[in-house]
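Remarks on the overall topology
Listed below, chain by chain, are the residues.
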Amino acid sequence: FIYHNEDKAQKIWSLMQTYQGIDQKSIQRSIVNHVEYTLAMTRFNFSDFGCYQATAFSLRDRLLESWNDTNQYFTTHNVKRVYYLSLEFLLGRLMQNTLNNINMEKNYREALMDIGYDLERLYDEEVDPALGNGGLGRLAACFLDSLATLEVPAWGYGIRYDYGIFKQVIRDGYQCEIPDFWLSGGNPWEIERPEVIYPIRFYGYTEKYEEDGVERAQWKGGEIVMAKAYDTPVPGYNTFNCNNLRLWKSLPAREFDFQSFNKGDYLSSVESKQRAEYITSVLYPNDNSEEGKELRLKQQYFFCSATVRDVIRRFKKNNSDWKDFPNKAALQLNDTHPAIAAVEFLRILIDEEKLDWGEAWKILHSSFSYTNHTVLPEALETWSVGLINHLLPRHMELIYLINHFFMDEVAKKYPGDYQRMQEMSLIAEGDDKKVRMANLCILCSHKVNGVAELHTKLIQETIFKRFHEYFPNKIENKTNGVTPRRWIHCANPKLSALITEALDDSEWIGELERVEYLENFAEDEEFIQKWIDIKKQNKEKLAAKIEEVVGVKIPINALYDVQIKRIHEYKRQLMNILYVIHRYLTIKDMSPADREKVVPRVVIIGGKAAPGYHNAKAIIKLVNGVGDIVNNDKDIGDTLKVIFYPNYCVSAAQTLIPASELSQHISTAGMEASGTSNMKFVMNGCLIIGTMDGANVEISEEVGEENMFIFGARVEEVNDLRNRLFSGEHKPIDRRLQRVFDSILSGTFGDVSIIYPIIHNLMEGKDYYLVTEDFDSYVKAQNKVDDTYRDQKKWNMMSILGVSRSAKFSSDRTIEEYCESIWKVDRVPIPTPNDTER
Ligand code: CGF
């Protein structure tokens, strides 16, 4: 190089001259340049999709300016960074969110309009990147938005799956799964980083050797796969800061196995290449359950190893003393999926950096923390010792060592308490020994958190009881939150504008506490009318969408009652549809005059079932069967419509939530860790019918129980109720419910065979999820919903109060709490370029 670094930077800056301009001509030029030079499309006629891509590239250019400056600033100032490790990031579409965060939506809309393109149509051209199953992945995405908005130096790390969560189509009422190759049209938001690449080892053996009188180990042999980085800039709202999401893709270490190739065995040379690429091929489509497959463990280790190496490389660029590591990095494990990162970190510190055990353990423990998202036993990960030993032999040795030291301590503190030791051990003994990943995470972390107050209390008292006794300050609560940028401002622009008008500025978008002021409008007739008009327009938009995708025309003046989430027995979509059948039968019995008095309802249920989850699929089939009958029943007309909304995803939620008036969060108490869609619904003026479960409890504390429809068994009652049911002591089935069962079993709603075992079990009292138990109080709550809806003034007052009291559920609040008590990390605002540079 002929220049010194600074001269070089100066020279390059003068070539770049300035940041992208924000005037109309600059925007248009940047888009058209991408049409011509990046996409090589004809500038005389490019499609909406082409225009979407070019616009996304032009936005990426802008993001890269702040992204580069942000990273440069963080590096030169050697700041502490948060690393959020998650196997899932359910980002949703990026264009609208990006434009809003960098405050350029209006400029782009006008610039595009001037060359004949409609920005809203371009939004619909974007694929919805669905690299997650549900709440856990979407939470990670909301956290990224809040971290950037709060100017916290933070990177997300995950996997760049080729196939996201499957696309759900409904055929004859059954769910079918279609692969989602979301990259087929390219991904204009990401930056491929061929230079950021790490070798990742699998299998092999460990070799012991002595160095300076110390016994050391080295992991050798096996198979090497490469991890290549892809970066996606994450802009904050109303800040120049721009964080990063780094996703890893697997590649073969060598394009071909030359040995096989030279022997003329072309096919096996390609096979090893494919085996490597397969690792990041597909997202496991299970929510709240684990399969224990080797490929899944490979995915976990693959992304953890690459991430840990990347974090260490960044640390070593600016630091030489390992003791400083916890002051420079906080690694958060999103569930146990990235647990092996802790062991990989320990391995690198001990085997490669040659630290002693005590030092390495201290650094690990001060830097890692772990979030638990569930108490469901089927979701608590365990990996067979045999499998880990085969795939990651050195890690298995280290896990045994960690356990050995820990068990020694426990034995000292509780001599002779073998039961306790067994419960706290990292190893579950048995014919097929298993490693308990949650125990490993708790041990390696300085903080563990639950995701809602009730959930945290439950993990402290049940699954992690022993650990809570042993480490009384370790497990704490961080109630989940959602970003108001995507979930109010982007999803419901009309509501956003009304709030801005009422508050007389838009600062609430970055500081949700400000919406409290809306309380003053709860009884203001003029304001209420505007509120009603907006909901109506959102309902019209949804009705048009439903007609397009499901082919059913739904009335606008009905109450829109929505339950959208993964289909799971504990979430009790079954109870919802049983009630709908009861409602249908009741209306059928009525005289035409009485039917006139019924509050018309559109019941919408949406969500994916894990492909192997038979009962969840049976519930989908039943919902569709009920829809077919009810929607075509002339007696019923518009008093009741039942819709199964297919392929529920982030972009669908952005249409469904703003149009909803009632939403259902009706899990059996104690089973939903938090829920986050409940928060989004409240923020959009929707009332909740729900049980005292997860974050519903805190929502009711904030908005007031009188502004919700709470019903059902409380968490303290659940165990007794279950025991009674299973000991055969159950009450006779409610007569209304029995009638519903009879109508299902007589075939009124289609094929009975698939749903029969579920209904049969309920009638026998085998009702783990307490559907029969809660049915009566659910019906009462539903009656109250109807009565309240008849009084529109009251309903809308409750709706306004809900929004005005929703501030606690902003993910900004959640992230502030993580920063303060877990990560100990500060905000680092990047100096904004002055106006001439902009
Ligand atoms: O995480 C969940 C969701 N299903 O992904 N859990 N997991 N695993 C919980 O079930 C939700 O209750 C929770 O809101 C979400 C995020 O913490």
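Residues numbered from 1 in each chain as written. Predicted model: local features only at pLDDT ≥ 70, side-chain atom pairs only at ≥ 80, totals over all residues.

Worth spelling out the cut-off: UniProt positions are given in the numbering used here, feature names are shortened, and annotations may be inferred rather than shown by experiment.
Looking at an unreviewed UniProt entry, one finds the protein chain named Alpha-1,4 glucan phosphorylase and attributed to Euplotes crassus. Checking UniProt for the protein chain, the heading Catalytic activity (unreviewed entry) contains the comment "[(1->4)-alpha-D-glucosyl](n) + phosphate = [(1->4)-alpha-D-glucosyl](n-1) + alpha-D-glucose 1-phosphate". As its UniProt record puts it under Sequence similarities (unreviewed entry), the protein chain is described as follows: "Belongs to the glycogen phosphorylase family."

**Brief notes about the site of the ligand**
Selection criterion: Residue proximity rests on one test: whether the C-beta atom, placed from the backbone, lies within 6 Å of the molecule or strand. Three classes are used, and their members are as follows: Ala, Val, Leu, Ile, Met, Phe, Trp, Tyr, Cys and Pro are nonpolar, Asp, Glu, Lys and Arg are charged, and the others, Gly among them, are polar. Boundaries of every domain are those given by an automatic assignment or by a domain database.
Lining the immediate surroundings of the ligand are 18 residues, of which Gly 135, Leu 136, His 373, Ala 673 and Ser 674 lie closest. Its residues assigned to classes, the shell around the ligand comprises five nonpolar, ten polar and three charged. When residues of the shell around the ligand are assigned to domains, at least three fall in each of domain 1 (78-93 + 128-477) and domain 2 (538-791).

**A look at the environment of Leu 559**
Selection rule: Comment: elements are numbered from the N terminus, with helices defined as DSSP H or I runs of at least four residues and strands as E runs of at least two. Here a residue counts as buried when 20 or more other C-beta atoms fall within 10 Å of its C-beta, as exposed when 12 or fewer do, and as partly exposed in between; the C-beta atoms come from the backbone. The contact criterion used here is simple: two residues whose C-beta atoms, placed from the backbone, lie within 7 Å are in contact.
Within the element layout of this structure, Leu 559 appears in strand E17 (residues 559-564). The class of Leu 559 is buried, set by 20 C-beta atoms lying within 10 Å. Separated by 195 residues in the primary sequence, Leu 559 and Leu 364 place their C-alpha atoms 53 Å from one another. Here Leu 559 is in contact with Val 599, Pro 600, Arg 601, Glu 661, Leu 662 and Tyr 789, once residues within four sequence places are set aside.

**Here we look at the packing of helix H2 (residues 24-38) against helix H3 (residues 48-76)**
Heads up, the rule is: To get an axis, fit a line to the C-alpha atoms, keeping to the stretch in contact for a helix; angles then go from 0 to 180 degrees between the N-to-C directions. If an angle is under 35 degrees, it is roughly parallel; if it is over 145, roughly antiparallel; if it lies from 65 to 115, roughly perpendicular; otherwise it is oblique. What makes a crossing left-handed is the near helix being turned counterclockwise from the far one by less than a right angle; a clockwise turn instead makes it right-handed.
Where H2 contacts H3, the axes come no closer than 8 Å and their chain directions differ by 115°. Put simply, H2 runs roughly perpendicular to H3. Crossing angle aside, the handedness with which H2 passes H3 is right-handed. Residues Ser 30, Ile 31, His 34, Val 35 and Thr 38 of H2 form the contact with H3, whose participating residues are Gly 50, Ala 54, Thr 55, Phe 57, Ser 58 and Asp 61.

**Side note on the confidence of the model for the protein chain**
Definition in use: Confidence scores labelled pLDDT are given residue by residue by the predictor and lie between 0 and 100.
Here the protein chain shows a mean pLDDT of 95. Residues at 70 or above account for 97%. Model confidence for the complex is summarised by a pTM of 0.97, with the ipTM given as 0.98.

**A closer look at the domain arrangement of the protein chain**
For the protein chain, the assigned domains are domain 1 (78-93 + 128-477) and domain 2 (538-791). Put simply, the middle of domain 1 and the middle of domain 2, counted by C-alpha atoms, are 36 Å apart. At the junction of the two partners, domain 1 supplies 34 residues and domain 2 supplies 31 residues. Listing elements by their share of the side of domain 1 that touches domain 2, those giving two or more residues are helix H7 (135-149), strand E3 (167-171), strand E4 (174-178) and helix H18 (453-461).

**What about the sheet that holds strand E5 (residues 191-202)?**
Quick reminder of the rule: Strands were regarded as paired on the criterion that DSSP finds at least two bridges between them.
Read across the sheet, nine strands follow the order E5-E8-E9-E2-E1-E10-E11-E15-E16 without closing on themselves; strand pairing throughout is mixed. If you trace the sheet from one side to the other, it starts and ends with E5 and strand E16 (475-477), each paired once. The average angle at which neighbouring strand axes cross in this sheet is 25°, direction not considered. As defined by bridge partners, strand E15 (residues 447-450) adjoins E16 across three bridges and the pair is classed as parallel. The residue of E16 that forms the bridge with Val 448 is Ile 475. In the packing of helix H9 (residues 266-278) onto the sheet, the strands contacted are strand E8 (223-235) and strand E9 (242-252), and the crossing angle to E9 comes to about 150°.

**Some points on the pairing of strand E2 (residues 154-159)**
Here is the key point about a regular strand: its side chains alternate between the two faces of the sheet. Counting buried positions along E2 yields six of six residues, so the element is predominantly enclosed. What you see with E2 is no split at all: Ala 154, Gly 156 and Gly 158 on one side and Trp 155, Tyr 157 and Ile 159 on the other are buried throughout. As defined by bridge partners, strand E1 (residues 81-85) adjoins E2 across four bridges and the pair is classed as parallel. From the neighbouring strand, Tyr 84 faces E2, where its bridge partner is Gly 156. Sheet topology places E2 next to E9; five bridges connect them, and they run parallel. The residue of E9 that forms the bridge with Ile 159 is Trp 248.

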